[in-house]
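If you want the building blocks of each chain, they are given just below.
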Amino acid sequence: MEQIYNPYLPLYEYVPDGEPHVFDGRVYIYGSHDVSGGKAYCEDHYVTWSAPVDNLRDWRYEGVIYRRTQDPSNAEDTMQLWAPDVTKGPDGRYYLYYCFSFYPEIGVAVSDSPAGPFEFYGHVKYPAHIRDGAVLREHMPFDPAVLTDDDGRVYLYYGFAPAAEKEMNIPALSEEELAAMPAEKRARIGKLSEIRFGENGMVAELEQDMITLKEEPRVSVPGGHHTAGTGFEGHGFFEASSIRKIGKTYYFVYSSHKSHELCYATSDKPDRDFVYGGTIVSNGDIGLNGREDPVSVLGNNHGGIVEVNGEHYIFYHRQTQGTEFSRQGCAEKITIAADGSIAQVEITSCGLNGGPLAASGSYPAAIACHLTCPTTRKTIEYSDPVMRTQARITQTQNVSYITAVGDGTKLGYKYFNFDAKKDLALEVRGTFCGTVTVSTDEAGRENAAGCAVDVKSGHWSEILLPAAIPDGVHALYLAFRGEGTMDIKSFAFFEKQR
């Protein structure tokens, strides 16, 4: 049986900041490119994957579409390619918009195919009569998004709006201090003095050449300290601009100052009058039905909406390996109500599957949508070394697994379709002595069955767990109590012996 789960790409792939677009009957995912065990954001070149619109379970690797050294501003390869977006221009060609690290510049590349490869085209700039045609550097050109509207007009969205400079650890440097820096360091951090003026989400219309601004950029949605009285209070713009037109309504999706959530705003115009709508997804389910405790490690978030065969999906990403530098793309189906609103959706393991997964066969443990332990934080703080030692998804030699599973760890998977009485087998290694409780609810009370386990091996081996899960669609939770820690690579369902 063909199935798909979150993350929807192979577990060895790390494509966060995913922007999905339908071109020529396929859904293409454009994002930045992390690496396993990364030391910084987006350390690899851009790649894309695609799937046919009639089968979102079948993703195909399209290869490297753009290398960071293709842009003359990064010829010495000192910066990383951050979150991009792609649109089909009025001329029928495909345009890739991107930025480097905190360098205040938006690059543009072009291709005749949505699968690339893309070639460098230039940098977004003003027309000659505005700022003498200079390259756009104001309001922190960052996380670009682009929309080619039904009438052929093109709009660019961007921005980076920390609520306070100290929150982002951005020093207040003068131009003289910047000039005194070594060239490589200066290139990596860009003109930090200009970052200080990035306080809102910005928008501007582009000329038909796809690179020249028609106007001075204007505020699209408020961020920073500008949300009072706007309806965006508590969910002001931070980063991760994304734009879609659905019917006659423009949906602007962005990451708020909470960072782990993707919010949306709507307007009947592409470039003004956006009204706050709500939260679509949090990568810790914070806010879902009033939830305050995360179901997984929190981290930054970025993604977009795509419509496929009349259904809508939100793409987002999760964190792995105890850092924000090895992120993986996930997706969930969303519902757009008759009034245009979108209710927050829960993060799941079944994602794009079109329904629950079958409670049969074997699954990677790393598809957990709930992963908590006693040191799981309610805030995002990756400078805390505990983040690198707590229960987490990791990878070694292309094998993904959950490590540091110990007392108080809880794993959850949503959802499975149970059609027969099943028990479980876990593939584990490590040193752990205690109990494992299998249940269908987070509290561990519904359909619960416990089992004593004693793991003492550095090699992968199998342990068997009884379960008491009835027929029907259920979540699967595993709760651990005991001493020591172990790794879990996979779990498998098998029918109970009668």
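As shown above, the structure is provided for reference.
Scope of this entry: the structure provided in the associated data block. (Residues numbered from 1 in each chain as written. Predicted model: local features only at pLDDT ≥ 70, side-chain atom pairs only at ≥ 80, totals over all residues. Heavy atoms only, no water.)

## Thoughts on the environment of Met387
Move 1: In this fold, Met387 is placed in the loop between strand 22 (370–372) and strand 23 (392–396).
Move 2: Along the primary structure Met387 and Val297 are separated by 90 residues, whereas in three dimensions their C-alpha atoms are 8.5 Å apart.
Move 3: Setting aside anything within four residues of it in sequence, one finds Met387 in contact with Val297, Gly322, Arg377, Glu381, Tyr382 and Arg392. (Helix = DSSP H or I, 4+ residues; strand = E, 2+ residues; numbered from the N terminus. Contact = heavy atoms within 4.5 Å.)

## Brief notes about the sheet that holds strand 11 (residues 200–206)
Move 1: Taken in spatial order, the 4 strands make up an open sheet running 9-10-11-12, and their pairing is antiparallel. Looking at the sheet topology across the chains shown, the edges are occupied by strand 9 (145–148) and strand 12 (218–222). With strand direction ignored, the average angle separating the axes of adjacent strands in the sheet is 25°.
Move 2: Relative to strand 12, strand 11 runs antiparallel, the two being bridged by 4 bridges. Its bridge partner being in strand 12, Asn200 is matched across the sheet by Pro222. (Pairing = 2+ DSSP bridges. Axes fitted to C-alpha atoms, helices over the stretch in contact; angles between N-to-C directions.)

## Regarding the sheet that holds strand 19 (residues 327–334)
Move 1: Pairing is antiparallel in the open sheet, where 3 strands are placed in the order 17-18-19. What marks the edges here is a single partner per strand, and that holds for strand 17 (305–308) and strand 19. Neighbour-to-neighbour, the strand axes of this sheet turn through a mean angle of 35°, independent of strand direction.
Move 2: Of the pairings in the sheet, the one linking strand 17 to strand 18 (residues 311–319) comprises 4 bridges and is antiparallel in character. Bridge pairing in strand 18 places Val308 opposite Glu311.

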